[in-house]
Amino acid sequence: MSIAFPNLYVKISINIILSLAISLPLLSQQNQKGNVYGTILEDGSNTPLPFASIGIFTESDSLIAGGLSDDNGAFEVQVPPGEFYALIEFMGYEPFKSDLLTISKGAPSRDLGSVFMKISAENLDEVVVQGEKTIMELSLDKRIFNVGKDLANAGGNASDILMNLPSIAVDTEGNVRLRGSDNVRILIDGKPSGLVSFKGSAGLRQLPANMIEKVEVITNPSARYEAEGMAGVINIILKKDNNQGFNGSFELVGGTPTNLGFTANLNYRHKRINWFINYGLTYRHSPNVGELYQETYGSDTTFILNQNSEGVVKSMNNNIRGGLDYYFSENSILTLSYLWRRSDAHRNTDIRYEDSWNSINNLQSYTLRNQDETEEEPNSEISMNYKKSFGRKGHELTGTLTYLNYWENSDQVFTQNSFTPEGKPIAGSSVVQTSLNDEYENQYLAMLDYVKPFAKEGKFEAGFRTSFREMKNDYLVEQEDENGDFEPIPGLDNIFLYDENILAAYSILGNTTNKWSYQGGLRVEYTDVKTTLEETNEENPRKYTNLFPSAHLTYNLTQENAFQISYSRRIRRPVYNDLSPYVTLSDSRNFFSGNPDLNPEYTNAFEIGHIKYFDRGTLFTTVYYRSTDDKIERLRSVDSDGNSTTLPYNLNGENSFGVELSSDYQLYDWWKLDFNANFFHADIDGTNIQNGYETKTYSWLFRQTSRFSVASGLDIQVRANYDARQKTVQGVRKGIFFMDLSASKSVLQDRGTLVFNATDIFNTRRNRFISEGENFYTLGDSQYQRRQLILTLSYRLKQ
């Protein structure tokens, strides 16, 4: 970013604030103002450039008005009568300066038409600024975060990026929550991905951060998006450039615990063809520890379990994505892409169980269990996309075909032995088990979207989407008998099939009238899901059709001050992991499984949002309310032997409301502050499962970031995170506090950046909970991601 660029923004911001103040007593003179308008496009590709800065200057170079272009590159700036010139700037492009413009009573408007911005000849050699905030762009129904400028993302993965964004929290196991809810739909390039099919959001740890360009957070999606995800949609956009010629970036990563990586993002465009390829390789050691204390109440005895575990996961992840854009013309583009990933992991975990009666000082026995697992996960995605732009700007037809293939093989060996308090083996307690688990998925996706502008600023949208998923889980658990032969364990030898077909269609109508913008839509989805247990011939078919309306209303007081009101209806369908009856055996005392009888949950979501730009910062405020029926939540039960089972159930529902604040402020030229706070209340009713399973909870999340420019090319960033205590229907999820420290230095003539990251510097990011039932009390404490020290070197080639 050039020096003139931020100065221009500051001048514009100051001018806007002053203009607002002056305008209050001079409302009667507003009719004398004129306007300058136009559209800003990239030269060669005609791509709109949003958030470009427009300054209106007098002949003596005094700034008298300014603004920013919108998502379509369009802008309009009000100016008083006189002679001026327009200066338009955008990072990485040569500035555009217009000829003198005359605004008078007879000619109050000047149309600059299409302004074509040329890429800077220096290829950003002198406009690179490190340590900038993660830039947030606000549109009618989503926020867009350009994540590359957040120092904390260097050397990380997709899960780390999400953890650093407003509204989002990621727990120690990699599970993603949006505004306190874990029911969020995660897409990659607008489509489902194999990374989040079987493993859920924890699979995002396989995707290197340097392959990601931006993240869209849609907390109240319109009918354009699939209705899945109660809390909203997170769309991860991978890197791809379309500038003429060759350009790219490279990154090397080294850290402790072992974290080694390399990524490359390359593009080459020549005339009609744009080639792109991204490659990422990571090798990591991820140590983990856990503690669990549990009391199980019998008729006259309290059985106490004191459990400790320690393990490490060694993983190798490969990601490669390649493809091309073929430009039949600038208005007709065909994109073909292929993405292949493979993850190989070895997991070794040791667990110690200590069994006592009535007091932990009354030890009866202890048991040692070891899990040794080898895991392979190859998956691939093939996608074809065609986009046709018609004569009028915004008139588009887009079609997408995608095929996804996923496979996972897990081969596990469990050994277990019990001992007396004195350490003597207990006869007959030795157990050896094996678990073979093969999971397969094929998914076919077709989408067609059409956008037709009408009137001056109206827009009609329509489209359809169809997806077919075939998932298979072939699992077998065997135990060694007295003769050394392995025999299947009853109930743990089966083939689970999951077939899902979803057909959807939508239409949206939107328009702008003066300062008001509105958008209303309706989506219809037909769902056909069937689960089958082949060996026992158990089938569970589900078919249902739902309507999902949405509405968005925006009022723009000024270009720097806007309100939004929105509504949408959402669904959470039980997915594979929710329905699969396969029981995990890594822990012989605590079992996790799915529930084939789950029903979908439905949510009505309402939001009121406000954004305000100041001369030295911005403030984004949202008030939201969600009403959920048949809420899906996992509940813990404990049998008389002290063994727990955790299954998902449909609760009666949940009502929640909250307030979210996001802001950035330039305290000094060398110190910038960002913060995000989310305060919410939830009323959860699970009395349909058991009397007393209901709770009212208040909780909050807070994240604050400070960035310091301490010297030329040297920046330091400090981030504090707090996820407060939250009640559940069975107990409490305790609070989590952790801090991260980052520093960056420009090297190699500003083409390279060296970044040091210390994540969770106090090693306090732990998952702690209390769970209670009629016959048990459980206290858990685990840490699946320890403090990390990471050094990253990135290099930009013609970028």
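Residues numbered from 1 in each chain as written. Predicted model: local features only at pLDDT ≥ 70, side-chain atom pairs only at ≥ 80, totals over all residues. Heavy atoms only, no water.

Participant: It is not clear to me how the pattern of salt bridges should be interpreted in this structure. Could you clarify?
Facilitator: If charged atoms from side chains of opposite charge come close, those side chains can pair. Taken as a whole, this structure holds 22 salt bridges when the rule is applied. With a shortest N-O distance of 2.8 Å, glutamate 354 and arginine 352 are connected by a salt bridge. Taking relative accessible area as the criterion, glutamate 354 reaches 21% and is therefore assigned partly exposed. Look at the salt bridges and you will find they share partners, linking Glu228, Arg523, Glu525 and Arg573 into a network. (Salt bridge = Lys/Arg side-chain N within 4 Å of Asp/Glu carboxyl O. Buried < 20%, exposed > 50% of the residue type's maximum accessible area, 1.4 Å probe, protein only.)

Participant: Teacher, can you tell me more about the sheet that holds strand β4 (residues 74-79) here?
Facilitator: The pairing of strands in a sheet happens through backbone hydrogen bonds and is either parallel or antiparallel. Strand order in the open sheet made by the three strands is β4-β1-β8, with mixed pairing throughout. In the strand order of this sheet, the two ends are held by β4 and β8 (109-117), each with one partner. Between one strand axis and the next, the sheet turns by 20 degrees as a mean value, whatever way the strands run. Inspection of the sheet shows strand β1 (residues 34-42) paired to β8 by seven bridges, in the parallel sense. By the bridge assignment for β8, tyrosine 37 is matched with aspartate 111. (Pairing = 2+ DSSP bridges. Helix = DSSP H or I, 4+ residues; strand = E, 2+ residues; numbered from the N terminus. Axes fitted to C-alpha atoms, helices over the stretch in contact; angles between N-to-C directions.)

Participant: I tried to follow a nonpolar patch on the surface on my own but got confused; where do I start?
Facilitator: Residues Leu252, Leu748, Leu754, Phe756, Leu789, Leu791, Leu793 and Tyr795 make up a contiguous nonpolar surface patch of roughly 660 Å² in combined accessible area. Every element with two or more residues in the nonpolar patch is listed here: β41 (752-759) and β44 (788-797). At four residues, the largest contribution of residues to the nonpolar patch is made by β44. Mapped onto the fold, tyrosine 795 is located in strand β44. In this structure tyrosine 795 comes out as partly exposed when scored by relative accessible area, which is 31%. (Patch = residues over 30% accessible without salt bridge, like charges linked within 9 Å, V, L, I, M, F, W, Y side chains within 5 Å. Areas by Shrake-Rupley, 256 points an atom, 1.4 Å probe, with all protein chains shown as cover.)

Participant: What should I look at first to understand the sheet that holds strand β32 (residues 632-638) in this one?
Facilitator: The strand order β29-β33-β32 describes an open sheet built from three strands, whose pairing is mixed. Unpaired on one side and paired on the other, β29 (590-592) and β32 mark the two borders of the sheet. Between one strand axis and the next, the sheet turns through 30 degrees on average, direction left out of account. The pairing of β29 with strand β33 (residues 644-650) spans three bridges and is parallel. Counted as the bridge partner of phenylalanine 591 is threonine 645 from β33.

Participant: For this particular structure, what's the right way to read the pairing of strand β37 (residues 714-723)?
Facilitator: Along any regular strand, the residues point their side chains to alternate faces of the sheet. Relative to β37, strand β36 (residues 694-711) is paired through ten bridges, and the arrangement is antiparallel. Across the sheet, residue serine 709 finds its bridge partner in β37, namely aspartate 715. Hairpin geometry of β36 and β37 is characterised by an intervening segment of two residues between the two adjacent antiparallel strands and by a positive phi of about 80 degrees at glycine 713. Judged from the ten bridges that link them, β37 and strand β40 (residues 736-747) form a sheet pairing that is antiparallel. Bridge pairing in β40 places aspartate 715 opposite serine 744.

Participant: Would you mind going over the packing of aromatic side chains with me for this structure?
Facilitator: How two aromatic rings sit relative to each other is given by the distance of their centres and the angle of their planes. Evaluated as defined, the whole model comprises 17 aromatic pairs. Residues tyrosine 668 and tryptophan 670 carry aromatic rings whose centres are separated by 5.4 Å and whose planes lie at 5 degrees to one another, so their mutual orientation is stacked. The exposure class of tyrosine 668 is partly exposed, given its relative accessible area of 43%. Between phenylalanine 675 and phenylalanine 702 the ring centres are 6.4 Å apart and the planes differ by 25 degrees, which places this aromatic pair in the stacked class. Taken together, the positions of phenylalanine 675 in strand β35 (residues 671-685) and phenylalanine 702 in strand β36 put the pair 27 residues apart, joining distant regions of the chain. (Phe/Tyr/Trp six-rings, centres within 6.5 Å; stacked < 30°, edge-to-face > 60°.)

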